[in-house]
Amino acid sequence: MEFTAQQIADFLKGSVVGDPATKVNNFSRIEEGTPGTITFLANPKYEHFIYETKASIVLVNESFSPTSEIRATLIRVSNAYSSLAVLLNLVEQSKTKKNGIDASAFIARTAIVGENCYVGTLAYIGEKTEIGKGCVIYPYTYIGDHVKIGDNTVIYPHATIYDGCVIGNNCILHAGSVVGADGFGFAPEGGEYKKIPQLGNVILEDDVEVGANTTIDRAVMGSTMIHKGVKLDNLIQVAHNVEIGENTVMASQVGVAGSTKVGSNCVLGGQVGLGGHIKIGSNSQIGAQSGIISNVGENAQLMGYPAIPVKNFMRSSIIIRKLPEIYQTLIRLEKEIEELKKNKP
């Protein structure tokens, strides 16, 4: 389908700069733009591409002020990045939705599957499990007994949901994700480690997205809690009895040890490691590869291992690069001091 710049601007509540009749039928990256596509500029470091792009329409922030001529038609919006997401979601929702239950899928007699669901080839749904309306369950997924899944949730191939777990509305579980595996609980006894039964479950509230091959362990008792709007990237490990607050996002390879509580609206970069039984305050930002071993207050900005305030980490990094010179200067000063002591009258 084709849309004009004016139609898109009206939908996004933006304004057109250029030809409002310009038409597009696809998306492109700004550096690879082609005629008939729409792209966006949100990060100022990519500004030079807007003067060269061949894309027909570019979404820009209202504050954007060009420094050279731009051939493309612009649509000014309050937030170019989020406006692009709105358009992409619109296209995604317009796709034909899978429906129906494949003959090879196994659904236990006591399970309930809501209206307008799709259950793919060789998917498994266990006893007394309840699936909400409009869910999409791709082939080879495993959903255990006594599981509850809300409406319009999508579960991609080879995802596994263990017994007793709860998944909210509008969630997305990507391929290979595991919800509800046993937590890493063992008690030392006589030189051996005895397994501690993990009797709890995992609860994912509404609008949670779990990346490919990410694992969320069930609680020893009670629930591992992933609150509304949390977004977990691929290859993340969330241990037993962890709680993650609303709208927190975690990049790939984050590891969260048992019983740690992460506040709301936090941002964790890739490979961040959180120790067990600690609290991370809301609105905290933790840089990639940082290690946190003690409690962190709200609105913290940390980096390094053990993590320290970002500004201190940056200053320390500069000093580390200069350590050889500083060391040589120290040796020279020590020698001069010794000479001064010798020559002291």
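Our subject is the structure that appears above.
Let me sum up the structure you'll find in this document.

**Some points on the pattern of salt bridges**
Counted under the stated rule, the structure contains seven salt bridges. One salt bridge connects Arg-29 with Glu-32, and the closest N-O pair in it is separated by 3.4 Å. Of the charged contacts, one joins Lys-95 and Glu-92 as a salt bridge, the two residues approaching to 3.3 Å between their closest N and O atoms. Using a relative accessible area of 51% as the deciding quantity, one classes Lys-95 as exposed.

**Quick word on the sheet that holds strand 38 (residues 291-292)**
Overall, parallel pairing links the ten strands, which are arranged 9-12-15-18-21-26-29-32-35-38 in an open sheet. With one partner strand each, in any of the chains shown, strand 9 (106-107) and strand 38 form the two edges of the open sheet.

**Notes on the environment of Glu-298**
Here Glu-298 shows up in the loop between strand 38 and strand 39 (301-303). A C-alpha to C-alpha distance of 20 Å links Glu-298 and Met-225, two positions 73 residues apart in sequence. For Glu-298, the contacting residues outside a window of four places in its chain are Gly-281, Ser-282 and Ser-284.

**A short note on the side chain of Asn-201**
Residue placement: Asn-201 occurs in strand 24 (residues 201-204). Taking relative accessible area as the criterion, Asn-201 reaches 13% and is therefore assigned buried. Polar side-chain contacts of Asn-201 include one of 3.0 Å to the backbone oxygen of Gly-164. In this structure Asn-201 touches Gly-164, Cys-165, Val-166, Arg-218, Ala-219, Gly-222, Ser-223 and Thr-224, once residues within four positions along its chain are discounted.

**Quick look at the sheet that holds strand 11 (residues 118-119)**
Reading across from one edge, 8-11-14-17-20-25-28-31-34-37-39-40 is the order of the twelve strands in this open sheet, with mixed pairing throughout. In this open sheet, the two edge strands, each paired with only one partner strand, are strand 8 (100-101) and strand 40 (308-309). Sheet topology note: the strand 17 (residues 154-155)/strand 20 (residues 172-173) ladder contains two bridges and is parallel. Bridge pairing links Val-154 to Ile-172 in strand 20.

**Brief notes about helix 3 (residues 80-94)**
Between its first and last C-alpha atoms helix 3 spans 21 Å; for 15 residues at 1.5 Å apiece the expected length is 21 Å, and the two agree. Of all the positions in helix 3, only Ala-80, Ser-83, Leu-84 and Leu-87 are classed as buried. Axial view of helix 3: buried residues confined to an arc of 105°, hence all on one face. In helix 3, the exposed residues that point more than 90 degrees away from the buried face are Tyr-81 and Gln-93. If you follow the buried residues of helix 3, they end up packed against helix 1 (5-12), strand 4 (26-27), strand 5 (37-41), strand 6 (57-61) and strand 7 (73-77). Between the side-chain oxygen of the N-cap and the backbone nitrogen of Tyr-81 there are 3.1 Å, and the N-cap of helix 3 in question is Asn-79.

**Some points on the packing of aromatic side chains**
Enumeration over the complete set of coordinates arrives at seven aromatic pairs. On the basis of an interplanar angle of 45° and a centroid distance of 5.7 Å, the ring pair of Phe-40 and Tyr-81 is categorised as tilted. Here Tyr-81 lies in helix 3 and Phe-40 lies in strand 5, a separation of 41 residues in the sequence. Here Phe-184 and Phe-186 contribute two aromatic rings whose centre-to-centre distance is 5.3 Å and whose plane-to-plane angle is 70°, an arrangement assigned as edge-to-face. A residue is classified by how much of its surface remains accessible, and Phe-186, at 37% relative accessible area, is partly exposed. Among the aromatic residues, ring-to-ring pairing joins Phe-106, Tyr-124 and Tyr-142 into one connected group. It is Lys-98 that lies over the ring of Tyr-118; its NZ or CZ is 5.4 Å from the centre.

**Considerations on the layout of surface pockets**
What the largest pocket holds in volume is close to 680 Å³. Lining of the largest pocket is provided by 21 residues; of these, Glu-92, Gln-93, Asn-152, Val-154 and Ile-172 occupy positions nearest its centre. No other element matches helix 3, which puts three residues into the lining of the largest pocket. Roughly 350 Å³ of internal volume is contained in the second largest pocket. Lining the second largest pocket are 14 residues; nearest its centre among them are Met-1, Phe-3, Phe-27, Leu-90 and Val-91. Within the lining of the second largest pocket, the residues separate by chemical class into ten nonpolar, four polar and no charged.

**As for the pairing of strand 27 (residues 223-226)**
Examined bridge by bridge, strand 24 and strand 27 share four bridges and lie parallel to one another. Counterpart to Asn-201 in the pairing with strand 27 is Ser-223. Examined bridge by bridge, strand 27 and strand 30 (residues 243-244) share two bridges and lie parallel to one another. In the sheet register, Ile-226 faces strand 30, and the bridge partner there is Ile-244.

What counts and how
Residues numbered from 1 in each chain as written. Predicted model: local features only at pLDDT ≥ 70, side-chain atom pairs only at ≥ 80, totals over all residues. Heavy atoms only, no water. Salt bridge = Lys/Arg side-chain N within 4 Å of Asp/Glu carboxyl O. Buried < 20%, exposed > 50% of the residue type's maximum accessible area, 1.4 Å probe, protein only. Pairing = 2+ DSSP bridges. Helix = DSSP H or I, 4+ residues; strand = E, 2+ residues; numbered from the N terminus. Contact = heavy atoms within 4.5 Å. Polar contact = N/O pair within 3.5 Å; in protein donor to acceptor, adjacent residues only side chain to side chain. Expected span 1.5 Å × (residues − 1). Arc of directions from axis to C-beta. Phe/Tyr/Trp six-rings, centres within 6.5 Å; stacked < 30°, edge-to-face > 60°. Lys NZ or Arg CZ within 6 Å of the ring centre and 35° of its normal. 1 Å grid on protein atoms, 1.4 Å probe; cavity = no way out; pocket = protein on both sides within 12 Å on 5 of 7 lines; lining within 4 Å. Points joined across faces, edges and corners; volume = space filled by probe spheres on them. Nonpolar A, V, L, I, M, F, W, Y, C, P; charged D, E, K, R; others polar.

Limitation: the analysis is restricted to geometry and does not speak to function.
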